Amino acid sequence: MSNKPLTWLSCVQCGKVYGRNERIYACPDCGGLLDVTHDLAALRQRGVSLELFDQRLGGFERWERSGVWRFHELVAPEIPTTDLVTRGEGNTTLYDVVGDLASYVGHQRLQLKHEGENPTGSFKDRGMATGTTQAKHLGARAVICASTGNTSASMASFARLSGLIGIVAFPAGKVALGKVAQAVAYGAICVEVRGDFDQAQRLVLQAAEELPVYVLNSVNPYRLEGQKTIMFEMLQQRRWHVPDWVVVPGGNLGNSSSFGKAFQELYEMGLIDRKPRIAIVQAEGASPLYRSYQENFAPLKPMKAETIATAIRIGNPTNFAKAVRALKSTDGLVVQVSDQAIMDAKAKIDAAGIGCEPASAASVAGVKVLIENGYILPQQEVVAVLTGHLLKDPTNVIEYHSGSLANIYPTFANRIQQIDADLKQLAFIIGESPTLS
Ligand SMILES: Cc1ncc(COP(=O)(O)O)c(C=O)c1O
Ligand SMILES: [Zn+2]
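Bear in mind that the values here come from a model prediction, so they are computed numbers and not experimental data.

(A) Main features of the overall build of the chain. When helices and strands are tallied, the chain shows 17 helices and 13 strands. Against the globule reference of 22 Å for 437 residues, the chain gives a C-alpha radius of gyration of 22 Å, in line with a compact fold. Expressed as lengths along the three principal axes of its C-alpha atoms, the size of the chain is roughly 85 × 50 × 50 Å. Residues classed as buried in the chain amount to 49% of the 437 residues present. Counting contacts in the chain only where the partners sit at least 6 residues apart, residues at least 24 apart contribute 70% of the total.

Pasting the structure below:
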């Protein structure tokens, strides 16, 4: 067997190559984003196959049972399986959308991949499994991230689990309650930055230059290797049958970028014979990618972001260039949706018994728009990603249903009704009459 590396870092802008253990977050030459690149031909020769991944579904090793590490060879082939950090992440449900929700969306062939079912309640756990594994591999002592909430909740947990110090920087007052609670509870050093997410992110990148901390934001390409597995697992659940569309909310654009990479790699290895089209959905008030897309992928113009979906309240997305690459390589597109559409879609997803946080519902609101505008055709198969759990943002749920959210009409409100401890009052509310008396 040759000693040629199986994995290296490469610049998406100038193509320059660096060793996989270099502690860099951007190309030292041109400042471009970095990819973790694998020698796909060598991996194929070593027996990587869909059958191998399927066999592991019945495995007993902890890493085999992880929805990330089941795909070890396509994620971090050079890290021994004994060194992989895992909380059993992934293995999330792929729901068939039926009934009222299907009617609301206007499509009968929609599935929802619910990443809110991860251990800390969001897709971030996949990228943190790989990110903290790499941090340990490099001998880091402390990891840091800026966060609209879920990244910090996840990093705080994985840091503790793997013996690292976690440091999280939030935009003050702009993070949903459940997420702040998690980061505090998991014992991270929590810092509220007076400013927005984009300012917190800049501070963290500065810290990476000056302080002994390893950055686990999605600028770190090892994060995206974990997030790729959302798509590997989704395809596996569909018996490797490729859908026509994959629809995903876009904030910092890490997820969508990683999906493009996932499909490109499987395609290059000959493991799938076509790629789905990726549709990225942004909130109207936080839509720098949408604006660029409208102008034929004009250079990114950062904007001041505002949306009720705080997880995607990002005006200067780190992974812009990678997301554009993903869109181009899958004939993808970008749509924007209003906060009202996000909240109504969320109410419908919640009432279907599935539930998600606001940013997640952007994907379903996006599917609805794409169907109404004739981009998604009735016979096409669509997978939309729900990125976070309903309980992440309980304040938002109660305010929607009680009609107290500013500028949002509670179209599908389920109002809480107060009664005395009286059977007649209860019977009246449920539209029945008591049989006795
Ligand atoms: C629930 C949720 N959805 C979507 C996103 C956006 O993902 P990305 O930054 O990968 O575009 C985030 C990011 O924090 C999130 O927490
Ligand atoms: Zn470069």
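(B) The arrangement of the sheet that holds strand β9 (residues 214-215) in detail. Taken in spatial order, the four strands line up as β8-β7-β6-β9 in an open sheet, and their pairing is parallel. Across the chains shown, the open sheet's two edge strands, defined by having one partner strand only, are β8 (189-193) and β9. The sheet contact formed by strand β6 (residues 142-146) and strand β7 (residues 165-171) spans five bridges and is parallel. Across the sheet, residue Val143 finds its bridge partner in β7, namely Gly166. Strand contacts of helix α6 (residues 150-161): β6 and β7, with the helix running at about 170° to β7, the strand carrying the most contacts. Here helix α8 (residues 197-210) sits on the sheet and contacts β6, β7, β8 and β9; the angle it forms with β6, its principal contact strand, is near 155°.

(C) Representation of the packing of helix α5 (residues 124-137) against α6. Running from amino to carboxyl end, α5 crosses α6 at an angle of 45°, the nearest separation of the two axes being 9 Å. The orientation of α5 relative to α6 falls into the category oblique. Classified by chirality, the crossing of α6 by α5 is right-handed. Residues Lys124, Asp125, Met128, Ala129 and Thr132 of α5 pack against Asn150, Thr151, Ser154, Met155, Phe158 and Ala159 of α6. For the contact of α5 with α6, the per-class residue count stands at five nonpolar, four polar and two charged.

(D) Region of interest: the packing of helix α14 (residues 339-351) against helix α15 (residues 358-372). Axis separation between α14 and α15 bottoms out at 8 Å; the angle between their running directions is 100°. For the element pair α14 / α15, the angle class is roughly perpendicular. Note on element contacts: α15 touches α14 through Pro358, Ala361, Ala362, Val364, Ala365 and Lys368, opposite Ala341, Ile342, Met343, Ala345, Lys346 and Ile349. Its residues placed into classes, the contact of α14 with α15 shows 10 nonpolar, no polar and two charged.

(E) Spotlight on unusual backbone geometry. Backbone geometry at Arg239 places phi at a positive 55°, although glycine is not the residue there. Judged by the 8 C-beta atoms lying within 10 Å of it, Arg239 falls in the exposed class. For Asn296, which is not glycine, the phi torsion reads 55° and is therefore positive. Assignment of secondary structure puts Asn296 in the loop between α12 (288-294) and α13 (320-329).

(F) A look at the pairing of β6. When you tally the buried positions in β6, you get four out of five residues, the bulk of the element. Here β6 runs beside β9; their pairing, made up of two bridges, is parallel. Directly across from Ile144, in β9, lies its bridge partner Val215.

(G) Region of interest: the site of ligand 1. The local shell around ligand 1 holds 20 residues, among which Gly251, Asn252, Ala311, Thr387 and Gly388 are the closest. It is helix α11 (residues 254-268) that provides the largest number of residues to the shell around ligand 1, a total of three residues.

About the cut-offs
Residues numbered from 1 in each chain as written. Chains lettered and ligands numbered in written order. Predicted model: local features only at pLDDT ≥ 70, side-chain atom pairs only at ≥ 80, totals over all residues. Helix = DSSP H or I, 4+ residues; strand = E, 2+ residues; numbered from the N terminus. Rg over C-alpha atoms; globule rule 2.2 N^0.38 Å. Buried ≥ 20, exposed ≤ 12 C-beta atoms within 10 Å, placed from the backbone. Contact = placed C-beta atoms within 7 Å. Pairing = 2+ DSSP bridges. Axes fitted to C-alpha atoms, helices over the stretch in contact; angles between N-to-C directions. Parallel < 35°, antiparallel > 145°, perpendicular 65-115°, else oblique. Left-handed = near helix turned anticlockwise from the far one by under 90°. Nonpolar A, V, L, I, M, F, W, Y, C, P; charged D, E, K, R; others polar. Near = placed C-beta within 6 Å.

None of this, on its own, says anything about what the molecule does.
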